[in-house]
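These are the residues of each chain, in order.
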Amino acid sequence: MRLTDQTFNRLKTLRALRRAGAISRVELAHRTGLTKATMTALADELIRKGLLAEDPPLHTARGRPRVNLRIRHDAAYAVSLFPMTSDETASIDIVDMHGKRLHNHIGAFPRLTPADEIPVLMAALVQQTLDEAPLLRSAVKVAAIIIPGQIDQRRGVVHWLPDGGSAAPLPLKDILESMIGIPVVIENRATVVARAEHWFGHADHSDDFSLFALMEWGMSGARYSSGTLQSGYNGMNAEMSHIKIAFDSGRSCFCGGTGCLAAYATATAIVMMLAERRGIEIPDGPLPEDFFAEAVAAAGRDDEDALAVFAIAGRALGTAIASHVNEHDPGRVILSSARGDFLELIEPAFQGAYHREVLPALRERTLVQTLKFTRDFAWRGAAAVAIEEIFLSF
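Residue numbers restart at each chain and count upward from 1, following the sequence in its written direction. Given that this is a predicted model, residues contribute local features only at a pLDDT of at least 70 and side-chain atom pairs are listed and counted only at 80 or more, while totals for whole chains, interfaces and linings are drawn from all residues. Heavy atoms from the whole structure form the basis of all side-chain values; hydrogens and water molecules are not counted.

Quick look at the pairing of strand β13 (residues 219-225) now. Look at any regular strand and the pattern is simple: side chains alternate between the two faces of the sheet. Within β13, 5 of the 7 residues are buried, which leaves the element mostly enclosed by the surrounding structure. Two elements, β13 and strand β14 (residues 228-229), share 2 bridges in a ladder whose sense is antiparallel. Each residue of the ladder has a partner; that of S225, found in β14, is T228. Whether two strands pair depends on DSSP finding at least two bridges between them. Secondary structure is summarised from DSSP: a helix means a run of H or I of at least four residues, a strand means a run of E of at least two, and numbering begins at the N terminus for each. Linkage of β13 to β14, two consecutive antiparallel strands, is achieved through a turn of 2 residues, within which S226 is found at a positive phi near 55°. When accessible area is computed with a 1.4 Å probe and restricted to protein chains, residues below 20% of their type maximum are described as buried, those above 50% as exposed, and intermediate ones as partly exposed.

Here the focus is the packing of aromatic side chains. Ring pairs are drawn from Phe, Tyr and Trp, using the six-membered ring of Trp, whenever the two centres fall within 6.5 Å, and their geometry is named by plane angle: stacked under 30 degrees, edge-to-face over 60, tilted for the rest. Here the structure, examined in full by the defined rule, presents 8 aromatic pairs. Note on F292 and F310: the rings are 6.1 Å apart at their centroids and 70° apart in plane angle, and the pair reads as edge-to-face. Residue F292 is located in helix α8 (residues 289-300), and its partner F310 is located in helix α9 (residues 304-328); the two are separated by 18 residues in the primary sequence. The interplanar angle of 35° and the centroid separation of 6.5 Å between the aromatic rings of F373 and F377 together place this pair among those described as tilted. For the residue pair F373 and F377, the accessibility class agrees, reading buried in each case. Among the aromatic residues, those joined into a cluster by ring pairs are F82, F373 and F377. The criterion for a charge sitting over a ring is simple: Lys NZ or Arg CZ within 6 Å of the ring centre, and within 35 degrees of the ring normal. One cation-aromatic arrangement involves R332 over F209; the distance from NZ or CZ to the ring centre is 5.5 Å.

This next bit is on the packing of α9 against helix α10 (residues 340-357). Only the stretch in contact is used when fitting a helix axis, every axis being a line fitted to C-alpha atoms; angles between N-to-C directions are given from 0 to 180 degrees. It is the contact of α9 with α10, at a shortest axis distance of 7 Å, that shows an interaxial angle of 45°. Of the possible angle classes, the one that applies to α9 and α10 is oblique. Once α9 is placed against α10, the crossing between them reads as right-handed. Across from F310, A311, A313, G314, R315, L317, G318, T319, I321, A322, V325 and N326 in α9, the residues of α10 making contact are F342, L345, I346, A349, F350, A353, Y354 and E357. Any residue outside Ala, Val, Leu, Ile, Met, Phe, Trp, Tyr, Cys, Pro, Asp, Glu, Lys and Arg is labelled polar, Gly included; the first ten of those are nonpolar and the last four are charged. Split by residue class, the contact of α9 with α10 holds 14 nonpolar, 4 polar and 2 charged. With respect to orientation, any angle under 35 degrees is reported as roughly parallel, any angle over 145 as roughly antiparallel, any angle of 65 to 115 as roughly perpendicular, and every other angle as oblique. With the far helix as reference, a near helix turned anticlockwise by less than a right angle produces a left-handed crossing, and one turned clockwise produces a right-handed crossing. Whether two residues are in contact is decided by their heavy atoms: any pair within 4.5 Å suffices.

Owing to its 3.6 residues per turn, the α-helix brings residues three or four apart onto one side. Spanning 18 residues, α10 covers 24 Å between terminal C-alpha atoms, matching the ideal 26 Å at 1.5 Å per step. All buried positions along α10 are accounted for by F342, L343, I346, A349, F350, A353 and Y354. Looking at the buried positions of α10, the neighbouring elements they touch are β12 (209-214), α7 (267-278), α8, α9, β15 (332-337) and β16 (367-372). In this analysis, the expected span of each helix is defined as 1.5 Å times one less than the number of residues it contains.

Before going further, it helps to spend a moment on the nonpolar core. To define a nonpolar core, start from buried Ala, Val, Leu, Ile, Met, Phe, Trp, Tyr and Cys residues and group those joined through side-chain atoms within 4.5 Å. Membership of the largest hydrophobic core comes to 53 residues, with the highest contact counts inside it found for L17, M97, F373 and F391. The greatest single-element share of this core, amounting to 11 residues, is contributed by helix α12 (residues 375-393). Setting aside residues up to four positions removed in sequence, F373 forms contacts with F82, M84, V193, M215, S336, S337, A338 and A378. Counting 47 residues, the second-largest nonpolar core is a separate cluster that includes M219, L261, A265 and I346.

Moving on to unusual backbone geometry. In the Ramachandran plot, S226 falls in the positive-phi region, its phi being about 55° despite a non-glycine side chain. Since its relative accessible area comes to 44%, S226 is described here as partly exposed. We note that D329 has phi near 50°; this positive angle belongs to a residue other than glycine. In this structure, D329 sits in the loop between α9 and β15. When its relative accessible area of 46% is taken as the criterion, D329 is described as partly exposed.

Reading across the sheet, the 5 strands line up as β14-β13-β12-β15-β16 and stay open at both edges, with mixed pairing between neighbours. Both edges of this open sheet fall to β14 and β16, since each of them pairs with a single strand only. Taken strand by strand, helix α6 (residues 189-200) contacts β12, β13, β14, β15 and β16, and its axis lies near 40° from that of β13.

Moving on to the pattern of salt bridges. For side chains bearing opposite charge, pairing can occur when the charged atoms are close. Counted as salt bridges are all cases of a side-chain nitrogen of Lys or Arg within 4 Å of a carboxyl oxygen of Asp or Glu. This structure, assessed with the given rule, holds 20 salt bridges. Residues D207 and R19 are paired through a salt bridge, measuring 2.7 Å at the closest nitrogen-oxygen approach. Here R19 lies in helix α1 (residues 5-20) and D207 lies in the loop between α6 and β12, a separation of 188 residues in the sequence. Among the residues examined, R19 registers a relative accessible area of 32% and is labelled partly exposed. A salt bridge links E54 to R25; the nearest nitrogen and oxygen atoms lie 2.8 Å apart. Highlighted residues: E54 in strand β2 (residues 52-54) and R25 in helix α2 (residues 25-32), separated in sequence by 29 residues. Relative accessible area serves as the criterion here: at 18%, R25 is assigned to the buried category.

Right under this line is the structure:
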């Protein structure tokens, strides 16, 4: 999905302001590559609208006084909601324009909530948080709603949910806007992890990278290029979990296909493959947390079956990421996991497969890093979604 020049310029300006804290118009033009005239016009517009403020002039020994710009922290506020499937809760947060967390509420969010009940539950949690917060409701300009699954980010439509399977498209954005009376933006959970890294991560590398996110039980991904989150022609988030790594005899995937990365390299896949090797039948429904913990413990005891399934996961993930690097040349790949023990156990097989399959010319030019997913990534990434929406819509 191509951004308009105006949107792209605003995003570049927001990124430079966020990183600098306070910066002059001349320096902003230099960092963004915009002309001085374009930057002056854009900055003046954002000042008139109340998003930016001018610092008092800094007098220097020579020349005109330097006037720095900064984002006004109180220009607007946003509320976000991020489900955590590990403990079936959601974190609902209110943040200012600097991304500072002002209020937090933790509410129950059961994994098996029927699709038609999700908007009602989300609206109730947002309403409760807004009622608790020491802010005028009118000051909250955007609600960022984060949900696992396949999302049309442009239209705010959910096409698939991991615990509900395929269903009729759910126009979540429109439903929630009618219920809470605030503009809503919908994003996928892995996309939000990428936004947190882009906003708050390694400044030297945060404009261009791909992220593979191993969440509590599933996985997904996202890609940044030139400081812009990439989405497809139809507005869909990246579904790296369905990269095909096997064919005729590929394992069945929950999407209805076979040979998908998710069928080999997720916590769910580890539990299922280990159960198959041991002849154990797994009950329907969400997997208990102790199922994966037992797989980790078994690998720690050098159990051959457990070590074998973690090795399969590592090879699958290494092969998939090598293919992604060969196709996209992202410069940097982040492998994020909500489970640090998962990354440790797949590391040897992952490294072997990745180095074997990636093109030699890209092997030394691509930085591959691991990153432990924490709750801070959840609310910070959700805050970034909301703040970008405010900045672009003012």
